[in-house]
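Observations on chain architecture
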Amino acid sequence: MEHVDEHRQLCTIELIAEGHAERCPGEDCPFWERGCLLTRVEEELDTRPEVAAFLLGLRRELEAGRDVLVDPVRYQFEHLLFP
């Protein structure tokens, strides 16, 4: 019997940021809402690996259960997008 994970695509931001990736964590990912939100902007992320790396770091912080303050994260994200 096949395992469900075998049918999941590779993680978009891991692949762009690090050049390799595990399977998409699916609903456990904070960027998941009826599918991966980041696949919708994958083409833009391909040209901005630093943004993918930022999002990957944010995802890992959230997955680790660490507190993430919205205002500092928003500030960092805006400065990555609009230097």
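Just above, that's the structure.
Residues numbered from 1 in each chain as written. Predicted model: local features only at pLDDT ≥ 70, side-chain atom pairs only at ≥ 80, totals over all residues. Heavy atoms only, no water.

Re the nonpolar core
Ranked by size, the top nonpolar core spans 15 residues in total, and within it Ile13, Phe31, Leu38, Leu45, Ala52 and Leu55 carry the most contacts. Listed by contribution, the elements that provide at least two residues to this core are helix 1 (12-18) and helix 3 (49-63). It is helix 3 that contributes the most residues to this core, six residues altogether. Look past the residues within four positions of leucine 45 in its chain and what remains in contact with it is Ile13, Ile16, Leu38, Val51, Ala52 and Leu55. (Core = buried A, V, L, I, M, F, W, Y, C linked by side-chain atoms within 4.5 Å. Buried < 20%, exposed > 50% of the residue type's maximum accessible area, 1.4 Å probe, protein only. Helix = DSSP H or I, 4+ residues; strand = E, 2+ residues; numbered from the N terminus. Contact = heavy atoms within 4.5 Å.)

So, the pattern of salt bridges
One pass over the full model with this rule turns up eight salt bridges. A salt bridge links glutamate 18 to arginine 60, with the nearest nitrogen and oxygen atoms 2.9 Å apart. Of the two residues, glutamate 18 sits in helix 1 while arginine 60 sits in helix 3, which places them 42 residues apart along the sequence. The exposure class of glutamate 18 is partly exposed, given its relative accessible area of 34%. With a closest N to O distance of 3.4 Å, arginine 66 and glutamate 61 form a salt bridge. For arginine 66, a relative accessible area of 48% corresponds to the partly exposed category. Within the structure, one salt-bridge network assembled from shared partners comprises Glu14, Glu18, Arg59, Arg60 and Glu63. (Salt bridge = Lys/Arg side-chain N within 4 Å of Asp/Glu carboxyl O.)

Some points on the side chain of glutamate 14
Mapping glutamate 14 onto the fold places it in helix 1. We classify glutamate 14 as buried; its relative accessible area is 7%. Of note is the side chain of glutamate 14, whose polar atom sits 2.8 Å from the side chain of arginine 59. With near-sequence residues (within four places) excluded, glutamate 14 lies in contact with Gly19, His20, Ala21, Glu22, Leu56, Arg59 and Arg60. (Polar contact = N/O pair within 3.5 Å; in protein donor to acceptor, adjacent residues only side chain to side chain.)

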